[in-house]
Amino acid sequence: MTGIALLLLSGLACAAASEGGHPVVGGLVRSREWVIRRAPEREEEFIGDVSYRKGPDFFQADWALFNHKTERWLARGRVRLEHLFASGDRLEVQGERAEYDQVSERGRLLPAPGARVSFVRRPAAGEPDYGSAGSVAWHDSQQVRFEDGVSVWGPRLELQGSRGSYDAASGELVVSGGRPVLRAFESGWTGAVQADVVAARRDPEELRAEGRTRGWIRFKDELEKLAR
């Protein structure tokens, strides 16, 4: 998710758009209206059916604004971010409002009032995994945070907690708050863990639970022995 928002919004900052669309930085930006303001600060406003595509990335919203002085992006209205990975997996994220600061490389995606940010991971093969959070924030292309409740469900993994964080460099997912619960249904083990803090890493496979821990884990080789 982090890389998606960073690539799309920073790419849009280099763009100029019109109703017909123009190729920019290897992509194509479209909107019904394009407004440029020179004073009091230089701004570019994109109005109606805003979309931007560059390679594996796609961005869509009803409205977007870029301030050249602050180098800050705002977008609102059915904001949708999409990224196609080299593996064939596709990640889709949807919310109502997005903010991105190109200087600090910080941004966040917020839902409509009373709703939640939603995301879907669609693997090249197999059923998708779904998730939701109260809000999503990121810092550069490595760190992403899920706030105000995070849930993930699907055929591979289920988790729930008050907040979570993901480090793209290490591949570690940490969930805390509200006695988080994690259940895994594939890979080298299956089981369920509840603790004050639950952390999972895919490569190398690792599960860590801290504080008032309870649960169970069965490793694949043990299950195979029981089945014999």
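Residues numbered from 1 in each chain as written. Predicted model: local features only at pLDDT ≥ 70, side-chain atom pairs only at ≥ 80, totals over all residues. Heavy atoms only, no water.

Caption draft 1: Seen up close, the packing of aromatic side chains. For the structure shown, the criterion picks out 5 aromatic pairs. With a centroid separation of 5.9 Å and an interplanar angle of 20 degrees, the aromatic rings of Phe 46 and Trp 73 are classed as stacked. With Phe 46 in strand E4 (residues 43-54) and Trp 73 in strand E6 (residues 72-84), the pair connects residues that are 27 residues apart, well separated along the chain. With relative accessibility at 1%, the residue Phe 46 sits in the buried group. A connected cluster of aromatic rings, assembled from ring pairs, spans Phe 46, Phe 66 and Trp 73. Directly above the ring of Trp 63 sits Arg 76, whose terminal nitrogen or CZ lies 3.9 Å from the centroid. (Phe/Tyr/Trp six-rings, centres within 6.5 Å; stacked < 30°, edge-to-face > 60°. Helix = DSSP H or I, 4+ residues; strand = E, 2+ residues; numbered from the N terminus. Buried < 20%, exposed > 50% of the residue type's maximum accessible area, 1.4 Å probe, protein only. Lys NZ or Arg CZ within 6 Å of the ring centre and 35° of its normal.)

Caption draft 2: Structural detail: the environment of Gln 143. Position of Gln 143 relative to the elements: it lies in strand E11 (residues 143-153). Between the C-alpha atoms of Gln 143 and Asp 167, which are 24 residues apart in sequence, the distance is 4.9 Å.

Caption draft 3: Summary view of the nonpolar core. In this structure, Phe 59, Ala 75, Val 79, Val 93, Leu 109 and Phe 146 are the most contacted members of the largest nonpolar core, which totals 34 residues. In contact with Leu 109, other than residues within four places in its own chain, are Val 79, Leu 81, Val 93, Gln 94, Gly 95, Arg 97, Ala 98, Val 117, Ser 135, Val 136 and Trp 138. (Core = buried A, V, L, I, M, F, W, Y, C linked by side-chain atoms within 4.5 Å. Contact = heavy atoms within 4.5 Å.)

Caption draft 4: Highlighting the pairing of strand E5 (residues 57-67). Judged by how many residues are buried, E5 sits mostly within the fold: 9 of 11 residues are covered. Between E4 and E5, which pair antiparallel in sequence order, lie 2 residues; one of them, Gly 55, sits at a positive phi of approximately 55 degrees. (Pairing = 2+ DSSP bridges.)

Caption draft 5: Representation of the pattern of salt bridges in the model. Applying the stated criterion across every chain yields a total of 18 salt bridges. Close ionic contact of Arg 122 with Glu 92 constitutes a salt bridge, the shortest N to O distance being 3.1 Å. One end of the pair, Arg 122, is in strand E9 (residues 117-122); the other, Glu 92, is in strand E7 (residues 90-101), and 30 residues separate them in sequence. With relative accessibility at 11%, the residue Glu 92 sits in the buried group. Taking the shortest distance from any N to any O, the salt bridge between Asp 196 and Arg 212 comes out at 3.0 Å. In this pair, Asp 196 sits in the loop between strand E16 (189-194) and strand E17 (197-201) while Arg 212 sits in the loop between strand E18 (206-210) and strand E19 (214-219), placing the two residues 16 residues apart along the sequence. In the salt-bridge network here, residues are joined through shared partners; they are Arg 37, Glu 43 and Glu 45. (Salt bridge = Lys/Arg side-chain N within 4 Å of Asp/Glu carboxyl O.)

Caption draft 6: Here's a closer look at the pairing of E7. Sheet topology places E6 next to E7; 11 bridges connect them, and they run antiparallel. Paired with Val 79 across the strands is Gly 95, a residue of E7. Taking the residues that link successive antiparallel strands as the turn, the E6-E7 hairpin has 5 residues, and the phi of Gly 88 there is positive, at about 100 degrees. Examined bridge by bridge, E7 and E9 share 5 bridges and lie antiparallel to one another. Bridge assignment links Gln 94 to a residue of E9, and that residue is Ser 118. Pairing geometry for E7 and strand E8 (residues 106-110), over 5 bridges, is antiparallel.

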